[in-house]
Structures are given as C-alpha cells and as structure tokens.
Amino acid sequence: MSSKSNFKNVKGTRDILPLESIRWQRVENVVRKKMEQYNFQEIRFPTFEYTDLFRKSTGESTDIVRKEMFTFADMGGRSLALKPEGTPSVVRMFLQYGFFTKGILQKFYYIERMFRQERPQKGRYREFRQFGAEVIGSSSAETDVELVKSAFDIFNELDIKGVELNINSIGCPKCRKNFIKELKGFLKGKLVSLCEDCRRRYDENPMRILDCKEDKGKIKGAPVPSDFLCDDCRAHFEEFENRLDFFNIKFNIENRLVRGLDYYTKTVFEFVNANLGSQNEVGGGGRYDELIKFMGGEDTPASGYAVGIDRLMLLLPEKEEKLGVDVYLVTFDEESDLEGGKILASLRQEGFSCDKDPMKRSVKAQFREADRQNAKWVIIIGENERKRGIVQLKNMNKGEQKEIPMEADKIVKELKC
Ligand code: HAM
C-alpha cells in the first residue's frame, strides 16, 4: 500500500527497520562482549557539546571542524555542535570527572551516534554510528596493538572478511618540526598547482597534503614523516610492528597515512576493505599523547580508535534472520482470551516472547497472524478446553498438537522440552 504522505527521512540519515535491527543487535552484542573481554568500561556521552570542544581537540584546520559540523546556538547564544566524533567527549569526561591518577590506566569503550555534514553516498552518512575504544594513561606500543587486536577480534567474530590494516608513524612534535620544514620546502614550488584545500593546508597543517586524493600525483617523492622519526618514535613504531607480527596480524606500512584529525602523534592506523568502494575505511585511530595536556589536563598519553558501524553492516554476511515470537495465542471467545492472557503473562516471566490479537478477530485471522509472526508455538483455547482445564499446544514447525493442562508451569515444561 503506498502512502500519500510526503514526509521522508532527512537526506543522509538512515531508518533501521525491524529485520535490519536484528543484524545491528548482533553487531552491538559482539562489540559489547569483546570490549568487556578486554576490560574496557562502557561510557555514554551527550549528543551535543560546546562547539569549542571540537574546535580545540579535533582541530580548527580539519575538514570536520571547518565544514562538516552541525552547529546551532542555544537560547543563551552559545554555540553547540552535534558530536562529529567521540574522542573529544571522552577526553572531556576524563578531565571533568577527575579520572586522572598517575600510573593508572583508564580503558573506555562507546557505541554512539555521530553527525557530519558530508555529501551522502553509500557508506557515508550525515548521521552514523561508531563503536570506539580509548586507553588513557599508557604510552606503550603494546596498548596500540591491543586496540588493533580488539577490532580484529570483533571483525572475526562477526565473520567479516577482507579487512586490511594500514599503519604509519607520524612522530612526535619534536621530530615533526624537521619533517614539516622539509615538506614545506618540497611543496613551495608546487603550491600553485595544488587544490584549494591543500593551498590552505600548506599554512595550517601541511602534513594533511600527503593524503589528499586530488593532489596525489602532483606530490610524488614528497618527504614522509617516517623519514624524520626521532629515536624514541622509531623504537615505538618498531615495537608496534614486532608485536603485530607476534600476534600474526598482517599490516601494510602506508608512509603517507596521516589521518584527518589534528591530535594524532606517533602511531596511526586504519582498517580498510576493498569491497566498500570509495568509502573503504571501516575504522581508524592512533595515539594522541599530547591532547590531554593540550585540553588542560596533566601530561597523559592516550590511544584509541573508532569503527563506523554503518560501514561494518555493509560487510556483515547475510544470515537467515527472522522476526518471530515464541508463542502466539489463538482463542475462540472472550473468556478464553482472558484466561489465555494470564498464561501469556506467566510465560513472559519465564523469558518467552508471546503475543496475541487485541482486536477480537476471527480464529482464522488469529492463525494467519500467528503465521505472519513466525510463531514457534500456538496456544489454542476455546470453551471446550476451558471446561476440560486444558489448552491445545501446537508446535508450528512440526505441525504436531498436544493437550496440556491449563497451568503455566506445565506449559513452560513442555515449551522447554
Ligand atoms: P574517523 O576516522 O574520523 O576517526 O572515523 C572513524 C570511522 O567512522 C571511519 O573509519 C568510518 O568508518 C566512520 N565514519 C566516519 N565518517 C562517516 C560517515 N560520514 N558516514 C559513515 N561512517 C563514517 C574518529 O572518529 C576518531 N575519533 C577515531 C579515534 C578514536 N582516534 C583515536 N581514538
């Protein structure tokens, strides 16, 4: 039946219908289970924050802050923004609730909606969901490997194949200084031929020019951060590689991978899958050792990642997923309907999903509904059954029907057989 309504969901947002919801639940359950196996604690944060939080942490020069945030003013005229990513809120919470204790690690995870005003296409939405993990307080490469491993555990458990890991080190502020000087020198003569964004990046964040898709061909031979790593950053990256090897996690070193957010230091990584087409990045992350201090906290190393669940869903293998109830009630008269309703209440207490027709429709219509709902069992009650103190219990898969005393515990026993 087509509707005459002209209302549609907003471009770039997604409606998730009941059958698809079962697939989402499957993913969310695996994320929670795995994250908890790694001892990450769940946190949830607001849909919007003060815009300044993202300006300062995600970074003024990033595409997210420059052109993708949904911002609006509250009644007091303060600028608020729908959260485009999770790391700034996690850091804010870490600082706001005094989580810092020297030498103590905080391991958080989240499953949250994010908002970015990008041009919608397959795999790219204006409202999307991420799961993410952040470890605050550890500077070790082991932590970076643990994060990567937790993501692969989730992909594997969901039977998602073909995810590749790209890694790089973009160094610390100390070694980056030399790199940026060299890079700017290299780019200077080419500036006029670069895209408008890259010409702006030259002053604001020249490193980002390295991963510009448009200018890729024009900057061949450009210096890359890994050529300038200090001893500490180099040793850190080597340990990261060695530990990935130790766990048999395959990776590609992408020396132009710099990621689009301003806070990264040392290790950066991304998970890509060729089956996703142009939006092939399933997830990404890295170390942000300077951010917490920059946001007003103590000098605290940190590392994390996020995976786009909407993109993950595009890779999730089909399983035979069906909507359905365990038990559907079919009754012949009002009194049987009342009695049956009581039985359903007891069955629900025992954990069975149950339903019945609230509209006093014919027995035929009730059976049709039981079929539509994929009921595993149907309980049938009429005057005859009431007089005899029984119900008819029909196993819909086998087509068999049995008489059972009209007592919830006897019915439960039969259902559990
Ligand atoms: P990000 O790379 O901006 O990193 O986003 C992570 C993932 O979110 C992407 O790899 C992609 O799968 C998904 N994603 C991003 N934009 C969209 C979109 N418009 N539609 C659908 N999916 C999208 C971060 O957000 C960092 N906070 C990750 C991190 C955590 N780094 C350290 N800790």
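Provided above is the structure to which this section pertains.
A few points on the structure. (Residues numbered from 1 in each chain as written. Predicted model: local features only at pLDDT ≥ 70, side-chain atom pairs only at ≥ 80, totals over all residues. Heavy atoms only, no water.)

Structural notes on the sheet that holds strand β5 (residues 106–115)
Applied cut-off: When DSSP finds two or more bridges between two strands, those strands count as paired. We count a stretch as a helix when DSSP gives it H or I for four or more residues in a row; a strand needs E for two or more, and each element gets its number in order from the N terminus. Only heavy atoms matter for contacts: two residues are in contact if any of them lie within 4.5 Å across the pair. Every angle, taken between N-to-C directions, lies between 0 and 180 degrees, and every axis is a line fitted to C-alpha atoms, over only the stretch in contact when it is a helix.
The mixed open sheet is built from 8 strands, whose spatial order is β1-β5-β6-β11-β10-β9-β7-β8. Each of the sheet's edge strands pairs with one partner strand only, and the pair in question is β1 (41–42) and β8 (252–253). The pairing of strand β6 (residues 127–136) with strand β11 (residues 302–308) spans 7 bridges and is classified as antiparallel. Looking at β11, one finds that Ile-136 is bridged to Ala-302. Those strands touched by helix α1 (residues 18–37) are β1, β5, β6 and β11, and its axis lies near 160° from that of β5. On the sheet, helix α8 (residues 231–246) packs against β7 (164–169), β8, β9 (265–272) and β10 (281–287) and is oriented at approximately 165° with respect to β7.

So, the pattern of salt bridges
As a reminder, the rule being used: Salt-bridge detection follows one rule: a side-chain nitrogen of Lys or Arg within 4 Å of a carboxyl oxygen of Asp or Glu.
A complete count under the given rule lists 40 salt bridges for this structure. Of the charged contacts in the structure, one is a salt bridge between Arg-287 and Asp-144, with a shortest N-O distance of 2.8 Å. With Arg-287 in strand β10 and Asp-144 in helix α5 (residues 141–157), this residue pair connects regions lying 143 residues apart in the sequence. When the shortest N-O distance is used, the salt bridge between Arg-386 and Glu-335 registers 3.3 Å. Of the two residues, Arg-386 sits in helix α13 (residues 383–388) while Glu-335 sits in helix α11 (residues 334–349), which places them 51 residues apart along the sequence. Through salt bridges with shared partners, one network takes in Arg-66, Lys-67, Asp-197, Arg-200 and Glu-204.

What to know about the packing of α1 against α5
The geometry of a pair of packed helices is captured by two quantities: the angle between their axes and the separation between those axes. Here is the rule: If an angle is under 35 degrees, it is roughly parallel; if it is over 145, roughly antiparallel; if it lies from 65 to 115, roughly perpendicular; otherwise it is oblique. Handedness of each helix crossing follows the sense of rotation of the near helix against the far helix: counterclockwise by less than a right angle gives left-handed, clockwise gives right-handed. Gly counts as polar in this scheme, as do all residues outside two lists: the nonpolar Ala, Val, Leu, Ile, Met, Phe, Trp, Tyr, Cys and Pro, and the charged Asp, Glu, Lys and Arg.
Running from N to C, α1 and α5 cross one another at 140°; their axes reach a closest spacing of 10 Å. If you check the angle between α1 and α5, you find them oblique. With respect to the hand of their crossing, α1 and α5 are arranged in right-handed fashion. Within the contact between the two elements, α1 uses Val-30, Val-31, Lys-33, Lys-34 and Met-35 and α5 uses Asp-153, Ile-154 and Glu-157. A per-class count over the contact of α1 with α5 returns 4 nonpolar, no polar and 4 charged.

Regarding the packing of aromatic side chains
Note on aromatic pairs: each is described by the distance of the centres and the angle between the planes. The criterion, for reference: Working definition: rings of Phe, Tyr and Trp (its six-membered ring) pair if their centres are within 6.5 Å, and the pair is stacked with planes under 30 degrees apart, edge-to-face with planes over 60 apart, and tilted otherwise. We call a residue buried when its accessible area falls under 20% of the maximum for its residue type, exposed when it is over 50%, and partly exposed in between, using a 1.4 Å probe and counting protein chains only. Throughout this description, the term charge over a ring refers to an Arg CZ or Lys NZ atom that lies within 6 Å of the ring centre and within 35 degrees of the ring normal.
What the rule picks out here adds up to 17 aromatic pairs. With 5.2 Å between their ring centres and 65° between their planes, Phe-45 and Tyr-110 make a pair best called edge-to-face. Of this pair, Phe-45 sits in the loop between β1 and β2 (48–50) while Tyr-110 sits in strand β5; the two residues are 65 residues apart in sequence, bridging distant segments of the chain. Tyr-110 carries the same exposure label as Phe-45, and that label is buried. Taken together, a centroid distance of 5.7 Å and an interplanar angle of 50° make the contact between Phe-179 and Phe-228 tilted. Taken together, the positions of Phe-179 in helix α6 (residues 173–188) and Phe-228 in the loop between α7 (196–204) and α8 put the pair 49 residues apart, joining distant regions of the chain. Here the aromatic cluster, defined as three or more aromatic residues joined through ring pairs, consists of Phe-131, Phe-152, Phe-155, Phe-269, Phe-271 and Tyr-305. The ring of Phe-40 carries Lys-107 above its face, with NZ or CZ at 5.1 Å from the centroid.

Structural notes on the environment of Glu-339
Residue position: Glu-339 is located in helix α11. Remark: the alpha-carbon pair of Glu-339 and Tyr-50, spanning 289 residues in sequence, is separated by 55 Å. Filtering out sequence-adjacent residues up to four positions away, Glu-339 remains in contact with Arg-386 and Met-406.

Some remarks on the pairing of strand β14 (residues 377–381)
Where burial is concerned, most of β14 is hidden: 5 out of the 5 residues are buried. On β14, burial covers both faces: Trp-377, Ile-379 and Ile-381 on one face and Val-378 and Ile-380 on the other are all buried. Here strand β12 (residues 327–331) runs beside β14; their pairing, made up of 5 bridges, is parallel. Across the sheet, residue Tyr-328 finds its bridge partner in β14, namely Val-378. Bridging between β14 and strand β15 (residues 390–395) involves 4 bridges; their strand directions are antiparallel. Bridge pairing links Val-378 to Lys-394 in β15.

Brief notes about the pairing of β10
The buried fraction of β10 amounts to 6 of the 7 residues, a majority that puts the element mostly inside the structure. For β9 and β10, the ladder comprises 6 bridges, and the chain directions are antiparallel. Following the sheet pairing, Phe-271 is matched in β10 by Gly-283. Where β10 meets β11, 5 bridges bridge the pair, whose relative direction is antiparallel. Residue pairing in the sheet places Gly-285 in a bridge with Tyr-305 of β11.

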